[in-house]
Amino acid sequence: MDLLDLIDAVQSVADGVLFGATYSLLGIGFTLIFGVMHKINLSYAAASIGAAYASLLVMSVVEAPAVLAFVAAAAAGGVIGGLVYLVGFRFIPLANPLATLMSTVGLLLLIDEIIVHATAGVPLSYPALFSDVIVQVGPFGLRGDLMFVFALGCVCMTLLLLLLYRTRLGLATRAVSQQATASLLCGISTTQVNVLTFVITGVVGGIAGAMTGAAIGMLSPLLSLPLTVKGLIVTVIGGLGSIPGAIIAGLIVGGLENAFQFFRGVSERDLYIMLLLFAFLVFRPGGIFAKSSGRD
Amino acid sequence: MFEVSDIVAAYGKIEALKGVSLKVESGRITCLLGPNGAGKTTLMMTIAGILQPRRGSIRLEGAELAGLSPARIVSRGVALVPENRLVFPEMSVRENLLAGAYQRRDRAGIDSDIERMYARFPRLKERRDQMAGTLSGGEQQMLAVARALMSRPRLLLMDEPSLGLAPLIVAEIFDIIAELNRDGTTIFLVEQNAHMALKVAHQFFLMEQGRITFSGTPGQLAEDEVIQRAYLGTRRAVG
Ligand SMILES: Nc1ncnc2c1ncn2[C@@H]1O[C@H](COP(=O)(O)OP(=O)(O)OP(=O)(O)O)[C@@H](O)[C@H]1O
Ligand SMILES: [Mg+2]
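Here's what I pulled together on the structure shown here. (Residues numbered from 1 in each chain as written. Chains lettered and ligands numbered in written order. Predicted model: local features only at pLDDT ≥ 70, side-chain atom pairs only at ≥ 80, totals over all residues. Heavy atoms only, no water.)

## Structural notes on the interface of chain B and chain A
Counting from both sides, the interface comprises 27 residues of chain B and, opposite them, 18 residues of chain A. Here chain B meets chain A over a buried area of about 2,100 Å², counting both sides, of which 63% is carbon and sulfur. On inspection of chain B and its partner chain A, the count reaches one salt bridge. Its salt-bridge partner being glutamate 95 of chain B, residue arginine 174 of chain A comes within 2.8 Å of it at the nearest N-O pair. Broken down by secondary-structure element, the contributors of at least two residues to the side of chain B that touches chain A are helix H2 (70-75), helix H3 (93-100) and helix H6 (137-149) of chain B. Take the side of chain B that touches chain A: its biggest share by element is four residues, from H3 of chain B. Residue composition of the side of chain B that touches chain A, grouped by class: 17 nonpolar, six polar and four charged. (Contact = heavy atoms within 4.5 Å. Buried area = accessible area lost by both parts, 1.4 Å probe. Salt bridge = Lys/Arg side-chain N within 4 Å of Asp/Glu carboxyl O. Helix = DSSP H or I, 4+ residues; strand = E, 2+ residues; numbered from the N terminus. Nonpolar A, V, L, I, M, F, W, Y, C, P; charged D, E, K, R; others polar.)

## Let's talk about the layout of surface pockets
Residue and element names in this part refer to chain A. Volume-wise, the second largest pocket comes out at about 400 Å³. Around the second largest pocket, the lining comprises 18 residues; the ones closest to its centre are Gly50, Ile80, Ile111, Ile114 and Ile115. Of all the secondary-structure elements, those providing two or more residues to the lining of the second largest pocket are helix H2 (44-61), helix H3 (67-90) and helix H4 (97-119). Per element, the largest residue contribution to the lining of the second largest pocket is seven residues, and it comes from H4. Split into classes, the residues belonging to the lining of the second largest pocket amount to 15 nonpolar, three polar and no charged. (1 Å grid on protein atoms, 1.4 Å probe; cavity = no way out; pocket = protein on both sides within 12 Å on 5 of 7 lines; lining within 4 Å. Points joined across faces, edges and corners; volume = space filled by probe spheres on them.)

## A word on the coordination of the magnesium ion (ligand 2)
Residues and elements named next belong to chain B. Those donors, Thr41 (OG1) and Glu83 (OE), are the protein atoms that reach the magnesium ion (ligand 2), and they lie 1.9 to 2.3 Å from it. With threonine 41 in helix H1 (residues 40-47) and glutamate 83 in the loop between strand S6 (78-81) and H3, the pair connects residues that are 42 residues apart, well separated along the chain. On the basis of relative accessible area, threonine 41 is assigned to the partly exposed category, the value being 22%. Classification of glutamate 83 as partly exposed rests on a relative accessible area of 24%. (Donors = N, O, S within 2.8 Å, 3.2 Å for Na, K, Ca; no water. Buried < 20%, exposed > 50% of the residue type's maximum accessible area, 1.4 Å probe, protein only.)

## A look at the site of ligand 1
All names here are of chain B. The environment of ligand 1 is made up of 13 residues, and the closest members are Asn36, Lys40, Thr41, Thr42 and Glu83. Here an oxygen atom of ligand 1 sits 2.8 Å away from a polar atom, N or O, in the side chain of asparagine 36. Taking lysine 40, its side chain carries an N or O atom lying 2.7 Å from an oxygen atom of ligand 1. Starting from 630 Å² of accessible surface for ligand 1 in isolation, the protein chains cover 60%. Looking at the shell around ligand 1 element by element, the count peaks at three residues for H1. Within the shell around ligand 1, the residues separate by chemical class into four nonpolar, six polar and three charged. (Near = heavy atom within 4 Å. Polar contact = N/O pair within 3.5 Å; in protein donor to acceptor, adjacent residues only side chain to side chain. Areas by Shrake-Rupley, 256 points an atom, 1.4 Å probe, with all protein chains shown as cover.)

Read these as spatial facts, not as claims about activity.
Written out as structure tokens, the structure is:
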């Protein structure tokens with residue numbers, strides 16, 4: 001491999017890490033919902049793409065700068081998140097582990113069907129920000145749109161961490177996820193925390209959906225399944241329930257994805273990501289940051 | 001006064017409480033003794049609103065608590081120190097105390113109450129930034145008590161606070177119970193340690209198989225009979 005190839009490879013991995021911020025956000029969403037409800041919400045990535053579609057709808061109605069698409073996607077994500085809770089969790093018997101799995105698979109398919117129905121399955125182009133900017137760092141060129149996506153992802157993660165560790169709501173959320181009965185005894189309403197968690201992760205998901213659209217320049221109903229899988233892989237690699245884990249794992253998956261694509265081609269890329277998933281499940285089921293279990 | 005009348009509570013078809021009635025006098029320490037599986041924890045969870053009773057009423061100073069959410073019950077002035085402590089393992093000692101004050105909005109009052117807890121439980125002060133899951137059993141029990149006190153309860157419920165603790169720590173916990181009571185908190189305590197419980201209690205009840213089978217003051221029944229019934233139940237004690 002000559003120098004030029006090496007530069008291309010590094011460039012490609014760097015692009016992947018920047019885009020990986022999207023996976024980090026999705027991973028955090030899966031992890032937070034699992035934290036408070038101990039359930040996997042399989043419709044999460046589809047809802048995020050749905051929110052990005054909803055933002056296109058808003059943009060088609062009002063004449064507005066492209067940045068508004070992100071705001072609209074965030075708002076739509078929050079609303080969809082609340083609806084997902086209402087339909088997929090509120091009245092579903094939570095004691096049955098299969099019930100919410102099925103209800104959220106159903107919601108995943110439902111959201112996809114709505115998108116296909118509304119767009120006739122044709123991909124729509126999505127506004128990108130700073131797509132004409134390229135920052136040269138030595139031999140590497142960093143794409144402006146990807147850097148924007150990455151920066152936005154970092155801002156979202158910082159805000160989320162502040163929310164979780166510096167506010168009363170964050171305290172309640174952590175309390176519910178660590179000891180649900182004790183949080184009830186402290187006067188925390190678990191239902192309220194659950195609803196708010198769905199709305200907040202929905203907002204984050206909507207932004208991740210918009211970031212996906214902006215980074216690849218379009219939206220397609222075909223995105224939701226791979227994003228669901230990537231989000232789940234990120235939660236496994238990061239360790240289910242770990243937010244720092246999800247952040248790091250998202251960036252790693254983004255980088256590796258592009259590395260595999262660079263060396264093995266786009267059609268083989270996801271094969272290796274899947275193998276990575278199995279490797280983690282077997283050798284490090286607790287994720288990269290798996291800690292030795294504390295005393296009880 | 002706190003009054004439970006004819007409470008029936010069940011897990012599915014199994015009735016764990018079959019019509020429980022009892023009274024807890026304000027300003028006193030009342031103790032509930034009984035063998036494993038008698039329904040003591042079920043009663044505590046029902047009073048705290050975690051379990052909904054099938055029937056019956058629970059009144060604090062005349063106001064009905066049965067049917068309210070756990071959060072409303074906390075706001076009426078009832079706090080439970082649960083069996084097995086149930087601290088938030090990945091929160092610091094300080095955050096556990098803040099969670100106990102979740103319903104309160106008076107920042108200054110909360111801060112001064114945290115300082116009061118640190119004064120009462122100096123070991124918590126030393127470990128204020130340590131994760132609760134890494135505390136010893138005794139320290140976790142102190143934290144669970146302090147967390148419950150952060151809501152400023154009128155009635156403090158405690159479910160087996162001495163469970164699994166060394167005798168010295170048990171004595172310390174009972175000293176704290178007596179001290180809290182002297183400061184005016186009404187205490188309703190579940191215990192397996194009948195000897196310690198009868199020393200501090202003003203009044204006690206025996207529960208067996210979901211029913212109250214004795215109520216009286218500690219002097220009223222010989223301690224060894226109480227202990228026998230509390231650990232073994234009447235049937236085996238007689239037979
Ligand atoms: N979650 C549950 N589901 C079904 N049955 C339960 C449940 N919890 C308790 N029980 C049953 O209810 C009865 C009373 O249990 P409870 O825990 O209230 O007893 P206890 O007096 O607190 O006992 P211990 O002294 O061992 O703590 C027992 O027969 C128990 O098996
Ligand atoms: Mg018990």
